[in-house]
Amino acid sequence: MKALIIGSGGRESALAWKLSQSSKIDKIYMAPGNAGNEHIAERVNISATDIEALISFALNNHIDITIVGPEAPLVKGIVDAFENKGLRIFGPSKQAAQLEGSKAFTKKLLLDHGIPTADGMIYDKYEDALAHISAIKRPVVIKADGLAAGKGVILADNENDAFEALKKIMVDREFGDAGNVVVIEEKLKGFEMSILALCCGTQFKLLVPSQDHKPIFEGNKGPNTGGMGAYSPVSLFNEEQLKESAGIIEKTLQALSLKGIHYKGILYAGLMVTTTGPKVLEFNVRFGDPETQAVLPRMTSDILDPILCVAEGKDLSDCHIEWTEKACVSVVAASKGYPGSYKKGYSVRGIEEARKNDDVFVFTAGCETVNGDVVTSGGRVLAVSALGQTFETAREKAYNALEMIHFTDIYYRKDIGLVHGDSKNR
Ligand code: AMP
Ligand code: GLY
């Protein structure tokens, strides 16, 4: 079979690595991909959001299955467009992708169906939103409705910060039309979890739980990034909380089904585990990055079978996913300055040496090839993941392997897996 993976990050590198282990896979293409996966995949120079060009490529090259990494093409309707051409694709439809594409859609769905989430209100008029903030006088979270490259969520501890955030979104329109509508919600306290589920209609199977570390600095301080590392399993997260999280996925799929939306693909619930149980902070309609780099190394069964099962809309109870008990820790190496500005073009050394370690995986992300040399080309350059019998051994292996990798301006957090919860939220 021929597979096409859409996207260019570490998540897509992890998907390509896992897919390459399937005996049924003959060839993997990545569009546009990144440097560092040449041994398993061929890169195609098409952007992840150029749906027409991706369809032509898939038709001309007889692609059997396409897997979509990032949210932008999903929200744009890539799945509907591929399926209209008879192409098999893994991911939710445009309608279903609203769960990530519109925070107002999601908040309304959750509140209407009594699914645990922060109390919140939706506003499409600046004056009304302003009046609400003036009235409540509590820390709030203000969210631009649409996609804003992860920057449209602002935590405001006081009224002034809240006014400023609202102005930024609705008056200055820093996120463009994504800020036409805002969600204003209560600020929750607790620790965050990433629960990914493979879904087909109202059927689902949970992948193993993981935790991301979004802030740039150790101790979960500083501005949020796309994610600086992840690990799985998470000892802090108990069976009861896992059961409640499964209930959240189940009720969400049922609520969508009542609207005539059949969810296919990965549903990722970003949860705040509070003293009264897990509550939804957000949904993503795709694999997480860097959660995928910490979750897929733990999957011992073939990934292609469940993906085909969902893409073909088959009964999920016939599909099996198996996991190792081993722990996985994944540490992101970034360019100094990220998530602000940073320099690019530095040679990356040591990837091959690091990969020689048992149970160590290097998933490249912001890497490009220039004159045959792999150089840095992005904020998050790569992730090193390691499996270990215990969390401590996995951590040690990941950090030891990371020390074998060198590039100018390398920066990584040394505390992945050691801090739980956001210091700002405690
Ligand atoms: P989101 O994109 O909605 O997940 O928000 C990004 C980050 O903002 C989350 O990972 C949390 O750290 C934080 N956040 C979002 N909503 C809330 C909330 N209601 N209470 C506390 N923190 C939140
Ligand atoms: N790790 C956060 C995300 O994938 O959105």
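A brief report on the enclosed structure follows. In this text the structure is predicted, and so the values were computed from the model without any measurement. (Residues numbered from 1 in each chain as written. Chains lettered and ligands numbered in written order. Predicted model: local features only at pLDDT ≥ 70, side-chain atom pairs only at ≥ 80, totals over all residues. Heavy atoms only, no water.)

With respect to spatial proximity, 17 residues lie near ligand 1, and among them Glu185, Leu188, Glu192, Lys214 and Glu282 are the closest. Within the side chain of Lys103, one N or O atom sits 3.3 Å away from an oxygen atom of ligand 1. Of all elements in the fold, only strand E7 (140-144), strand E8 (153-156), strand E9 (182-186) and strand E17 (277-284) reach the threshold of two or more residues within the shell around ligand 1. Its residues assigned to classes, the shell around ligand 1 comprises seven nonpolar, two polar and eight charged. (Near = heavy atom within 4 Å. Polar contact = N/O pair within 3.5 Å; in protein donor to acceptor, adjacent residues only side chain to side chain. Helix = DSSP H or I, 4+ residues; strand = E, 2+ residues; numbered from the N terminus. Nonpolar A, V, L, I, M, F, W, Y, C, P; charged D, E, K, R; others polar.)

All residues in the neighbourhood of ligand 2 are listed as Asp212, Lys214, Gly226, Tyr268, Asn284, Arg286, Gly288, Asp289, Pro290 and Glu291. Within the contact set of ligand 2, a nitrogen atom lies 3.4 Å away from a backbone nitrogen or oxygen of Gly226. The separation between an oxygen atom of ligand 2 and a polar side-chain atom of Asn284 is 3.5 Å. Taking 200 Å² as the accessible area of ligand 2 by itself, protein coverage stands at 89%. Partitioning the shell around ligand 2 into residue classes produces two nonpolar, three polar and five charged. (Areas by Shrake-Rupley, 256 points an atom, 1.4 Å probe, with all protein chains shown as cover.)

The strand order across the open sheet built from four strands is E11-E10-E16-E17, with neighbouring strands paired in antiparallel fashion. The strands lining the two open edges of the sheet, one partner per strand, are strand E11 (203-206) and E17. Neighbour-to-neighbour, the strand axes of the sheet open up by a mean angle of 35°, direction not taken into account. The pairing of strand E10 (residues 191-200) with E11 spans four bridges and is classified as antiparallel. Residue pairing in the sheet places Cys200 in a bridge with Gln203 of E11. (Pairing = 2+ DSSP bridges. Axes fitted to C-alpha atoms, helices over the stretch in contact; angles between N-to-C directions.)

A separate point is the environment of Val75. Locating Val75 in the fold gives a position in helix H3 (residues 71-76). For the pair Val75 and Lys18, spaced 57 residues apart in sequence, the C-alpha separation works out to 25 Å. What Val75 contacts, discounting residues up to four positions off in sequence, is Lys94, Ala97, Gly101 and Leu147. (Contact = heavy atoms within 4.5 Å.)

Before going further, it helps to examine helix H2 (residues 51-60). Each full turn of the α-helix corresponds to 3.6 residues, which orients residues three or four apart in the same direction. All of the buried residues in H2 are Ile51, Leu54, Ile55, Phe57 and Ala58. The buried residues of H2 all sit within an arc of 165° when viewed along its axis, so they share a single face. Exposed and oriented more than 90 degrees from the buried face of H2 are Glu52 and Asn60. (Buried < 20%, exposed > 50% of the residue type's maximum accessible area, 1.4 Å probe, protein only. Arc of directions from axis to C-beta.)

Glycine aside, residues mostly have negative phi angles, and peptide bonds mostly take the trans form. Look at the link from Ala31 to Pro32: it is a cis peptide, with omega at -5°. Within the element layout of this structure, Pro32 appears in strand E2 (residues 27-32). The peptide bond linking Ser232 to Pro233 adopts the cis configuration, its omega dihedral lying at 0°. With respect to the helices and strands, the residue Pro233 is situated in the loop between strand E15 (229-232) and helix H9 (239-258). Unlike most non-glycine residues, Arg173 shows phi in positive territory, near 50°.

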